[in-house]
Amino acid sequence: MEPSMKGQKRPLGRPWRLKVLGGPPWLRRPLPKLGHLREAAVARMSMQSTNPPKPKAPHQPPGIPKSLSCQRRHTLPASEFRCLTLEDAVSAFEIEREAFISVLGICPLYLDEIRYFLTLCPELSLGWFEEGCLVAFIIGSLWDKERLTQESLMLHRPGGHIAHLHVLAVHHAFRQQGRGPILLWRYLHHLGSRLAVHRAVLMCEDVLVPFYERFGFHTMGPCAISMGSLTFTELHCSLRNYPFLRRSSGC
């Protein structure tokens, strides 16, 4: 038993130790100072901030090939509509030659004529590109007379208010997918945004007349243009009847 401290003064220079009753000897050790605890906590926090845990790689769902998950994100647009340029002339001619020469034996436009129109009026063309490759296109020019003539096949009249659609062609690998109708609707949409263009005209074989009538074209009778034994029907489409096309020019 330790002697009672009652009535005794605290000795100078000696730390005062509290008595723990009924406890083991190791509980009598002095508690660490508060300042030491704060320093230890700050040290731990600084170590965590300088050595943050490495993020885990996201788990790839089963059934997805790794090659697809590692593809580049910044690539060419999957699908794009834009006006053609001279650099697109060869690709356009290759598509047109396969589409028309194999069936009709002629091309609406040959390579020199494609380059001619893309030099003078590229804004009257429209191409559909898939990952940078041309898959379908329309080429047009301006005309200034009521009906098409042989001259309209080779001339662009800058002062005209009629858009002459020379050719619509789709790459053979992308046919039977509804791309022709979508491209034609986009092209009329594109023409509708140009206030100087009042009408769209074209010539086609009789079998294609119902296709163009779905887009507002009306038959004007036999076309004055013929190519060998081939004859055509002339169709007109007034863009003034489609004010919504002028309000929305998304192409």
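For clarity, every value in this text was computed on a predicted model and none was experimentally measured. (Residues numbered from 1 in each chain as written. Predicted model: local features only at pLDDT ≥ 70, side-chain atom pairs only at ≥ 80, totals over all residues. Heavy atoms only, no water.)

Colleague: Is there a simple way to explain the packing of helix 3 (residues 89–101) against helix 4 (residues 111–120) in this structure?
Modeller: Helix-helix packing is described using two parameters, namely the angle between the two axes and the distance between the axes. Put simply, helix 3 and helix 4 touch, their axes get as near as 9 Å, and they point 135 degrees apart. Looking at the two axes, helix 3 sits oblique to helix 4. Relative to helix 4, the crossing made by helix 3 is right-handed. Packed against helix 3, whose contacting residues are Ala-89, Val-90, Ala-92, Phe-93 and Glu-96, the element helix 4 presents Leu-111, Ile-114, Arg-115 and Leu-118 at the interface. Classifying every residue of the contact of helix 3 with helix 4 gives seven nonpolar, no polar and two charged. (Axes fitted to C-alpha atoms, helices over the stretch in contact; angles between N-to-C directions. Helix = DSSP H or I, 4+ residues; strand = E, 2+ residues; numbered from the N terminus. Parallel < 35°, antiparallel > 145°, perpendicular 65-115°, else oblique. Left-handed = near helix turned anticlockwise from the far one by under 90°. Contact = heavy atoms within 4.5 Å. Nonpolar A, V, L, I, M, F, W, Y, C, P; charged D, E, K, R; others polar.)

Colleague: Before we go on, may I ask you to explain the confidence of the model for the chain in this structure?
Modeller: A low pLDDT means the predicted coordinates there should not be read in detail. For the chain, mean pLDDT is 78; residues scoring 70 or higher make up 65% of the total. Ignoring residues within four places in sequence, the model shows residues 57–74, a span with pLDDT below 50, making three contacts including any to other chains. Throughout residues 245–251 the model reports pLDDT below 50, and contacts reaching past four residues in sequence, or to other chains, amount to 21 contacts. (pLDDT = per-residue confidence, 0-100.)

Colleague: Explanation requested: the sheet that holds strand 5 (residues 199–204) in the structure shown.
Modeller: The pairing of strands in a sheet comes from backbone hydrogen bonds and takes either a parallel or an antiparallel form. Pairing in this open sheet of seven strands is mixed, and the strands run 1-2-3-4-5-7-6 from one edge to the other. Because the sheet does not close on itself, it has two edges, and the strands there are strand 1 (80–82) and strand 6 (218–227). Across the sheet, the mean angle from the axis of one strand to that of its neighbour is 25 degrees, orientation sign disregarded. For strand 2 (residues 125–130) and strand 3 (residues 133–143), the ladder comprises six bridges, and the chain directions are antiparallel. Bridged to Phe-129 within strand 3 is Leu-134. Docked against the sheet, helix 4 engages strand 2, strand 3 and strand 4 (162–170), running at close to 70 degrees with respect to strand 3. On the sheet, helix 5 (residues 179–192) packs against strand 1, strand 2, strand 3, strand 4 and strand 5 and is oriented at approximately 135 degrees with respect to strand 2. (Pairing = 2+ DSSP bridges.)

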